[in-house]
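Understanding the architecture of this molecule
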Amino acid sequence: MKNYETMVDALNDLNKRGYTANLSLEGNTIDDKSADIHMGPDDFEIDEFYRFEGPSNPSDMSILYAISSSKYNLKGALVNAYGTYADDSDSAIHAKLHHFQVSKNLHGSDRPSA
């Protein structure tokens, strides 16, 4: 994983690498509204994620996910809040996003596969 100074830098790089869909979190699905695609937790993979804090307010935190779906043949970026303003929903989508963050933090991104 790379390190980025700003979210704009990360989004620009992801876009260059093919993550062009503008994804949004809509309750129990991650959507690409321009293509009318609604993905459940089994329809996508989280390839990378990056956390950012606001320069003037550390509680202004967001996370950027690089998401791909072989089912829908798409790659896109999803921006979501974390920390104070995070959605505490218990949906399967939120569980998958949270599990990926925790797993990467506990085991590191350089962990060899089994």
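Everything that follows concerns the structure shown earlier in this document.
For the structure given in this document, a descriptive report is provided here. If you're wondering where the values come from, they're calculated on a predicted model, not measured in any experiment. (Residues numbered from 1 in each chain as written. Predicted model: local features only at pLDDT ≥ 70, side-chain atom pairs only at ≥ 80, totals over all residues. Heavy atoms only, no water.)

1. Section: the packing of aromatic side chains
Counted by the stated rule, this structure contains 2 aromatic pairs. Both rings, one in Tyr4 and one in Tyr50, keep their centres 5.0 Å apart while their planes meet at 80 degrees; by these two values the pair is edge-to-face. On the criterion of sequence distance, the pair formed by Tyr4 in the segment before helix H1 (7–16) and Tyr50 in strand S4 (residues 45–53) is long-range, its members being 46 residues apart. Note on accessibility: Tyr4 and Tyr50 belong to one class, buried. Relative to Tyr65, the ring of Phe49 has its centre 6.5 Å away and its plane inclined at 40 degrees; by these criteria the two rings are tilted. Taken as a pair, Phe49 in strand S4 and Tyr65 in strand S5 (residues 61–69) lie far apart in primary sequence, 16 residues in all. Residue class for Phe49 comes out buried when judged on its relative accessible area of 6%. In this structure, Lys75 is placed above the aromatic ring of Tyr19, and the distance from its NZ or CZ to the ring centre is 4.5 Å. (Phe/Tyr/Trp six-rings, centres within 6.5 Å; stacked < 30°, edge-to-face > 60°. Helix = DSSP H or I, 4+ residues; strand = E, 2+ residues; numbered from the N terminus. Buried < 20%, exposed > 50% of the residue type's maximum accessible area, 1.4 Å probe, protein only. Lys NZ or Arg CZ within 6 Å of the ring centre and 35° of its normal.)

2. A look at the pattern of salt bridges
Taken as a whole and assessed by the stated rule, the structure comprises 5 salt bridges. With its nearest N and O atoms 3.3 Å apart, the salt bridge here joins Asp43 to Lys71. Linking Asp43 in the loop between strand S3 (37–39) and S4 with Lys71 in the loop between S5 and strand S6 (74–81), this pair joins segments that are 28 residues apart in sequence. Residue Lys71 is classed as exposed on the basis of its relative accessible area of 56%. Linked by salt bridges that have partners in common, Lys2, Asp13, Arg17 and Glu48 make up one network. (Salt bridge = Lys/Arg side-chain N within 4 Å of Asp/Glu carboxyl O.)

3. Here's the deal with unusual backbone geometry
The phi dihedral of Asp36 falls on the positive side, at around 55 degrees, and the residue is not glycine. Residue Asn73 is not a glycine yet carries a positive backbone phi of 50 degrees.

4. Points about the nonpolar core
Formed by 15 residues in total, the largest nonpolar core has its most connected members in Leu23, Ile30, Phe44, Tyr65 and Leu97. For this core, the secondary structure elements donating two or more residues are strand S1 (21–26), S3, S4, S5, S6 and helix H2 (92–107). Once residues within four sequence positions are removed from consideration, Ile30 is found in contact with Leu23, Ser24, Leu25, Ile37, His38, Met39, Phe44, Ile67, Leu78, Ile93 and Leu97. One finds Tyr4, Met7, Ala10 and Phe52 within the second-largest nonpolar core, a separate group that totals 10 residues. (Core = buried A, V, L, I, M, F, W, Y, C linked by side-chain atoms within 4.5 Å. Contact = heavy atoms within 4.5 Å.)

5. Side note on the sheet that holds S6
One open sheet holds the 6 strands; their spatial order is S3-S2-S1-S6-S5-S4, and the pairing between them is mixed. Two strands close off the open sheet at either side, each with one partner strand: S3 and S4. Between one strand axis and the next, the sheet turns through 30 degrees on average, direction left out of account. Along the sheet, H1 makes contact with S4, S5 and S6, crossing S5 at roughly 5 degrees. (Pairing = 2+ DSSP bridges. Axes fitted to C-alpha atoms, helices over the stretch in contact; angles between N-to-C directions.)

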